[in-house]
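Chain by chain, the residues:
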Amino acid sequence: MTTATAGDSKTEVSTTAGSTNGSIPDGSTTDGSIPDVATSDGKATLLSVENVTLSFGGVKAIEDISFDILEGEIRAIIGPNGAGKTSMLNVINGFYHPQQGTITFRGKPRRRMRPYEAAASGIARTFQNVALFKGMSTLDNVMSGRSLKMHRGLFWQMLHVGPARREEIEHRQRVEEIIDFLEIAHIRKQPVGKLPYGLQKRVELGRAMAMEPDLLLLDEPMAGMNLEEKEDMSRYIIGLNDEFRTTIALIEHDMGVVMDLADRVVVLDYGRKIGDGPPEEVQQSQQVIDAYLGVAR
Amino acid sequence: MLAIVIEWLNTLFVAPFVDMFSLPDFLLQVLWEGFVSGVLYALIALGFVLIFKASGVFNFAQGIMVVFAALVLVSLHAMGMPAWVALALTVGVMGIFALVVERVVLRKLVNQPDAILLMATIGLTLVVKGAGQLFFGGEPKSMITEELGLPTGSSDWEVFDGIVIFQHIDIAAAVIAILMVASLGVFFSKTRIGRALRAVADDHQAALSVGISLNQIWAIVWFAAGIVALVTGIMWGARSDVSFALEIIALKALAVLILGGFTSIPGAIVGGLLVGIGEKLFEVYWGPIFGGGVEAWFAYVLALVFLLFRPQGLFGERIIERV
Amino acid sequence: MIYREAGQYKTSYASDQALLPIRQDRIGLLLILVIAFVIVPIFGSSFFLGSIMIPFLVFALAAIGLNILTGYAGQLSLGTGAFMGVGAYACYKLTSYFPDVNIIVHVLVSGLFAALIGVIFGLPSLRIKGLYLAITTLAAQFFLEWCFIRIAWLYNNNDSGAIEVPRRYIGDLALTGPTATPVTRYLVILSLVAIMTLVAANVLRGRIGRSWMMIRDMDIAAELMGIRPLRAKLSAFAFSSYYCGVAGALMVFFWLGSAEVEAFDINHSFLILFMVIIGGMGSLAGCFMGAAFLWILPIVIRFVPSVLGIDMLAATTEHISNIIIGALIIFFLIVEPHGFARLWQIGKEKLRTWPFPYASS
């Protein structure tokens, strides 16, 4: 999946201390400081988080967390409320800047990145509270995801013939494919503010998909959905991962979903990592059970 | 070339200060004048803060309320009533005004975004302005200062080989303003209603869910703002006549609010003083360089510069955006 | 029944994206254009053209400018009057220096100066949002007003402090000045406004317009889509100020004939803001509706007393019209915050099923 980018992400080359995950009781470890290391799955590392610490004033939201995300996998981030999951996504996105630690994306380490740079380098996300453009229609919202790929200048925009029009139509076609895939064609002209919550989340997914990202961050995509909606959403996520080869990191509370969808899971609690590995393994870890699950399923 | 730059730097950064301190009694006079107009700006800003603090609404009509209150007072007196009766009746009128506004405007716009409410107050300004001009006439009127028992005349203070003149009414204005601020401050932090007001400012729905009656609170707050407007109107009118020109001056209160923060009562005072004194100093000592008339925009430019460095004002809360 | 879309299906994205996808809308617009370009100039009196249509078009254009900034991009501005002034004074200086160049060219170029000033005063918008930004536009308004008075070079140092519009021609036809007929001036303004409205509509439905709306609705999310906030906001300021500048130049050169600073004061800024609010924020058609309403209503109010045989001072009618406009603003905000434009849309929706009230559309 290629993204047309302006290549303007700011990268700072920083020496990263070799990170070890030795203190965590898990099976798989990846040394994130060496890019593109083939793991036992044969997949390359897409993103690695090393020793990231994030505090707000005196409160430590994230404390010394390291993990990685392999290309093409579905990585679940789970943990009790307040564990720092959303903050973690915000850090990956460039919305928050960690006081310590490094994020390495596609082998390039970066410290302070602005959100639009993260978008330009191929990271898209959805939000817990649905950050749609409420004044615009479904179609316009999904089209807004194509913003980075549209370049025609002011002159052609003013005339709206020729190049600007062609570009608009070209992207419209792409967007309609996404709309078909997500089965939201029947509401494409409706203002999103009027849609029910479940559909809004779907539109948000569509908007993120329209960016054709390499890494898609989903913040509780199933929140507030019934079983049927969750099945639909799971179908879309799997489809994204299978057909479009998008790497996905998702925050999720429903353990059933996590077990079914995720290749690997990372568990957070009070800003620290307490589990990292395939779902079955994490589920058995006593630390995780104590912190979160209560009862092993 | 260098000579020109030095000359220019001198004019801008050195000469004005030299001027200032070469005539210290005049400087004191200017500072006092600035202080006084600062107090009055602060009073106008106070009305804004009251309503904003309690309802999140930026009441654009505050300025015209000042004019309106003063006009009602003067007209009632002109109809033959003794000053204190007229004052009491005006207070009553402002109470009715608050009730009407709450009923007709605010109640219908409860869940709308702030921008809509702001624009509603802009509409309200027009209505009050039109009605005021219609019923009271547009000519400037003089305030019934003496009848209200406010001091007139002035005192001289001999200092620095010169004289500084203090108008008694200005001193009274300062004292009254301080009293007003102090009592409002106490009201907000110590009383039950004050607490309710703060709750409402924070979150309408949450306040509703703990049983606070929004309608009551809003009516109270607008009434309080009306009283502040009345006091402001009296003070302003005592110094210069009551006219609709005041409305534009009220826009300056916006700059005051930026400096002091939109929700802070002490901030309104500090902001008012900063703007008042700063404006006067700038006009007197730098004004001639620019050809005068800089008072028209100085306050706003000051606010603008301030905003660039501290978007929440001196006393406001830091806005942390969460996604 | 009249307004049924049934049978009008689109077979290509191009036709779906057209400005007016519904045939009835296209016919309606054609009708309006015919009336505007043909019927009105032939049958309209000088008064109608000069005191109603011309001001209406000028304000509509300024309202489009403000609506782009405030309604589409979400940046509240109270400096519209001053930006119009920049355009007017720029045009005046341009035509003073280059009297042989066609005045219409100068009008279009003067907008660029307004755009530049708009960008400068829009720079704070990266750090400052909402109401605070409105106050910085107030700074622009008062500072520029002061400049218009103090910088005598702007009005060619003439004693009155006002701009006197020189006579300009195209061939033998007088365009500006006392000899220019209302019909000529009207047609010039109408053509410019029509073209600029089309351009605005095109830009608004494309990527740039979308980026403005994204910033308006949620600038954080917009940034995460790759929109650079400063670029989007400044482009909105530039585009909007251009329109206001051109409107200002047109106002002075093709309507008033001369101008003092008061023509660009804060009251005008508010007037145009009211037009945008009442017409509907985020709607181009609304700009026209709002401008028509707020310009024509006071005139109507002025005439009603004399028609009814009541004696009333001009000042009194002004006060009454203030009251009515203020009350209407409040009314609209309560009933339909999206202004006339939304009412119009709702009306069209009803037209779809009319005259069958029990049918659902």
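Quick caveat, the model's predicted, so the values are computed rather than measured.

For the rest of this paragraph, the subject is the overall build of chain C. Counting its secondary structure elements, chain C contains 14 helices and 4 strands. Here the C-alpha radius of gyration of chain C, 21 Å, is about what a compact globule of 361 residues would show, namely 21 Å. Summarising its shape, the C-alpha atoms of chain C cover approximately 70 × 60 × 45 Å along the three principal directions. Looking at chain C as a whole, 48% of its 361 residues qualify as buried. A sequence separation of at least 24 residues applies to 73% of the contacts in chain C between residues at least 6 apart.

This next bit is on the overall build of chain A. When helices and strands are counted, chain A shows 10 helices and 10 strands. Put simply, 68% of the contacts in chain A that link residues at least 6 apart link residues at least 24 apart.

Facing 37 residues of chain B, the contacting portion of chain C comprises 29 residues. For the side of chain B that touches chain C, the secondary structure elements donating two or more residues are α5 (114-136), α10 (246-260) and α12 (295-309) of chain B. It is α5 of chain B that contributes the most residues to the side of chain B that touches chain C, 14 residues altogether.

Here we come to the sheet that holds strand β7 (residues 215-219) of chain A. Residues and elements named next belong to chain A. Strand order in the open sheet made by the 6 strands is β6-β7-β8-β3-β9-β10, with mixed pairing throughout. Where the open sheet ends on each side, the last strands, each with one partner, are β6 (123-125) and β10 (272-277). Strand-to-strand twist of the sheet, defined as the mean angle between neighbouring strand axes without regard to direction, takes the value 15 degrees.

On to the domain arrangement of chain A. All names here are of chain A. One can read the domain layout of chain A as domain 1 (8-121 + 249-297) and domain 2 (123-212). Looking at the side of domain 1 that touches domain 2, the elements with two or more residues in it are α1 (85-93) and α2 (115-120). In terms of residues, the side of domain 1 that touches domain 2 owes the most to one element, α1, which gives 4 residues. When grouped by side-chain class, the residues that make up the side of domain 1 that touches domain 2 number 5 nonpolar, 3 polar and no charged.

L61 and L250 of chain C are the most contacted members of the largest nonpolar core, which has 295 residues in total. Contact partners of L61 of chain C, with chain neighbours within four places excluded, come to V193, M196, Y243, V246, A247 and L250 of chain C.

Along its 21 residues, helix α6 (residues 130-150) of chain C runs 31 Å from first to last C-alpha, staying within 8% of the 30 Å computed at 1.5 Å per residue. Most of α6 of chain C is tucked away, with 16 of its 21 residues classed as buried.

All names here are of chain B. With 0 of 6 residues buried, strand β1 (residues 154-159) is to be regarded as a mostly surface element. Sheet analysis places β1 next to strand β2 (residues 162-167), joined by 6 bridges and oriented antiparallel. Directly across from W157, in β2, lies its bridge partner V164. The antiparallel pairing of β1 with β2 creates a hairpin that spans 2 residues between the two strands, and F160 there sits at a positive phi of about 55 degrees.

The subject of this paragraph is the sheet that holds strand β1 (residues 45-56) of chain A. Residue and element names in this part refer to chain A. With antiparallel pairing, the 4 strands of this open sheet are ordered in space as β2-β1-β4-β5. Lying at the two open borders of the sheet, with one neighbouring strand each, are β2 (59-70) and β5 (108-110). Taken over all neighbouring pairs, the strand axes of this sheet differ in orientation by 20 degrees on average, direction set aside. As defined by bridge partners, β1 adjoins strand β4 (residues 100-105) across 5 bridges and the pair is classed as antiparallel.

Turning our attention to the packing of helix α2 (residues 24-55) of chain B against helix α9 (residues 214-239) of chain B. Residues and elements named next belong to chain B. Axis separation between α2 and α9 bottoms out at 9 Å; the angle between their running directions is 175 degrees. In this view, α2 runs roughly antiparallel relative to α9, as classed from their interaxial angle. Of the residues in α9, those touching α2 at L40, L43, I44, L46, G47, L50, I51, A54 and S55 are I217, W218, V221, W222, A224, A225, V228, A229, V231, T232, M235 and W236. Looking at the contact of α2 with α9 residue by residue, the class counts come to 18 nonpolar, 3 polar and no charged.

On to the packing of helix α5 (residues 103-122) of chain C against helix α10 (residues 229-256) of chain C, then. Residue and element names in this part refer to chain C. α10 packs onto α5 with a crossing angle of 140 degrees between their chain directions and a minimal axis gap of 6 Å. Judged by the inter-axis angle, α5 sits oblique to α10. The two elements α5 and α10 meet at a crossing, and its hand is right-handed. Here the residues of the contact of α5 with α10 are counted per class, giving 18 nonpolar, 7 polar and 1 charged.

Moving on: the pairing of β10 of chain A. Residue and element names in this part refer to chain A. Counting buried positions over the 6 residues of β10 gives 5, a clear majority of the element. With 5 bridges joining them, strand β9 (residues 264-269) and β10 adopt antiparallel strand pairing. Residue V266 lies in a different strand from β10, and its bridge partner there is D276. Between the antiparallel neighbours β9 and β10 lie 2 residues, among them Y270 with a positive phi of about 50 degrees.

Further remarks concern α5 of chain C. Taking 1.5 Å as the rise per residue, α5 of chain C with 20 residues should run 28 Å; its terminal C-alpha atoms sit 28 Å apart, in good agreement. For α5 of chain C, the complete set of buried residues consists of I103, H106, V107, S110, G111, F113, A114, A115, I117, G118, F121 and G122 of chain C.

Next up on the list: unusual backbone geometry. Residue and element names in this part refer to chain A. With phi around 50 degrees, V130 is a residue other than glycine that occupies positive phi space. Take V130: it is sitting in the loop between β6 and α3 (138-144). Classification of V130 as partly exposed rests on a count of 18 C-beta atoms within 10 Å. Non-glycine residue E220 carries a positive phi angle of around 50 degrees. Mapped onto the fold, E220 is located in the loop between β7 and α7 (227-243).

This brings us to the confidence of the model for chain C. Looking at chain C, the pLDDT average stands at 84 and 94% of residues meet or exceed 70. Interface scoring of the predicted complex returns ipTM 0.81; its pTM is 0.84.

Residue and element names in this part refer to chain A. Here L205 shows up in helix α6 (residues 197-210). A sequence separation of 79 residues divides L205 from T126, and the C-alpha atoms of the two residues are 6.5 Å apart. Here L205 is in contact with T126, L182, P221 and Y236, once residues within four sequence places are set aside.

Thresholds applied
Residues numbered from 1 in each chain as written. Chains lettered and ligands numbered in written order. Predicted model: local features only at pLDDT ≥ 70, side-chain atom pairs only at ≥ 80, totals over all residues. Helix = DSSP H or I, 4+ residues; strand = E, 2+ residues; numbered from the N terminus. Rg over C-alpha atoms; globule rule 2.2 N^0.38 Å. Buried ≥ 20, exposed ≤ 12 C-beta atoms within 10 Å, placed from the backbone. Contact = placed C-beta atoms within 7 Å. Pairing = 2+ DSSP bridges. Axes fitted to C-alpha atoms, helices over the stretch in contact; angles between N-to-C directions. Domains from an automatic or database assignment. Nonpolar A, V, L, I, M, F, W, Y, C, P; charged D, E, K, R; others polar. Core = buried A, V, L, I, M, F, W, Y, C linked by C-beta atoms within 7 Å. Expected span 1.5 Å × (residues − 1). Parallel < 35°, antiparallel > 145°, perpendicular 65-115°, else oblique. Left-handed = near helix turned anticlockwise from the far one by under 90°. pLDDT = per-residue confidence, 0-100.

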